[in-house]
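# Observations on the three-dimensional arrangement
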Amino acid sequence: ARGDHVDKQLGPSAQTESGAHPLGYAIAQLHGIYILAQNEHGLVLVDMHAAHERVVYEQLKQQSSTAQRECQQLLVPVQLNVSASEARLVEDQKSQFESLGFDLDRLGDSAVIVRAIPQILSHSDISQLLRDVISDIEKNHARARLDEFHNELLSSFACHGSVRANRELNVHEMNALLRDM
């Protein structure tokens, strides 16, 4: 139910702006998991990890379907020690990783070197991100079709590259996420 109290809090300029922003404006973060926002219709509750995961997934999907991939070259390449089967997986799926903006190669029996990453993941812990994704793919890899593998890869990177529960976001960051949604 919408009352005069909410209208007064929003004010005339905020009401006009909130029409352009359906998810409204961030008020607070709840339990380190949710963003509590206010729009012209009332309160909005957003799971920040799920929202950011969806935004990252859509951006990676769009980026992988275009010829121009926004990559961040690493100043110092990152070397990861992985299992032999994981190193083989990276080598076998090199073109899939490249389609997402990664420049990586197998290094010997059980290592991988990363030279570039997708721009959207530039603030992620690359070592942990790649370890998690490679492990996920190796465990869940039922490769019926290449497209399914590509979508699985996108989903895994989106999940592991998104904000985590209990990460404190400031109001500006919460509003940016609401706009991206």
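Structure: see above.
Since the model is a prediction, treat every value here as computed from it, not as a measurement.

A separate point is the sheet that holds strand E4 (residues 71-81). Ordered by their spatial adjacency, 3 strands build an open sheet running E4-E6-E5, and the pairing between neighbours is antiparallel. The strands lining the two open edges of the sheet, one partner per strand, are E4 and strand E5 (103-106). Between one strand axis and the next, the sheet turns by 15 degrees as a mean value, whatever way the strands run. Summarising the sheet, E5 and strand E6 (residues 111-118) pair through 4 bridges and their orientation is antiparallel. When the bridges of E6 are listed, Asp105 appears paired with Ile113. Its contacts with the sheet place helix H3 (residues 84-92) against E5 and E6, and it is angled at close to 130 degrees to E5.

Below, the discussion takes up the pattern of salt bridges. Here the structure, examined in full by the defined rule, presents 6 salt bridges. One salt bridge in this structure joins Glu91 and Arg106, with 3.0 Å as the shortest N-O distance. With Glu91 in helix H3 and Arg106 in strand E5, this pair connects stretches of sequence that are 15 residues apart. Assessed through its relative accessible area of 44%, Glu91 is described here as partly exposed. Of the residues examined, Arg106 reaches a relative accessible area of 25% and is grouped as partly exposed.

Before going further, it helps to spend a moment on the environment of Met174. Checked against the element boundaries, Met174 lands in helix H7 (residues 171-180). Here Met174 falls in the buried class, since its relative accessible area comes to 2%. The spacing of Met174 and Met48 is 126 residues in sequence and 8.2 Å in space, taken between C-alpha atoms. Not counting residues up to four positions away in its chain, the partners in contact with Met174 are Ala26, Ala28, Gln29, Ile35 and Leu169.

Taken as a whole and judged by the stated rule, the model has 1 aromatic pair. With a centroid separation of 6.2 Å and 90 degrees between ring planes, the pair formed by Phe97 and Phe102 is classed as edge-to-face. The class for Phe97 is buried, based on a relative accessible area of 0%. A cation over a ring is seen here: Arg179 above Tyr25, with NZ or CZ 4.7 Å from the ring centre.

Here is what the cut-offs are and how they apply
Residues numbered from 1 in each chain as written. Predicted model: local features only at pLDDT ≥ 70, side-chain atom pairs only at ≥ 80, totals over all residues. Heavy atoms only, no water. Pairing = 2+ DSSP bridges. Helix = DSSP H or I, 4+ residues; strand = E, 2+ residues; numbered from the N terminus. Axes fitted to C-alpha atoms, helices over the stretch in contact; angles between N-to-C directions. Contact = heavy atoms within 4.5 Å. Salt bridge = Lys/Arg side-chain N within 4 Å of Asp/Glu carboxyl O. Buried < 20%, exposed > 50% of the residue type's maximum accessible area, 1.4 Å probe, protein only. Phe/Tyr/Trp six-rings, centres within 6.5 Å; stacked < 30°, edge-to-face > 60°. Lys NZ or Arg CZ within 6 Å of the ring centre and 35° of its normal.

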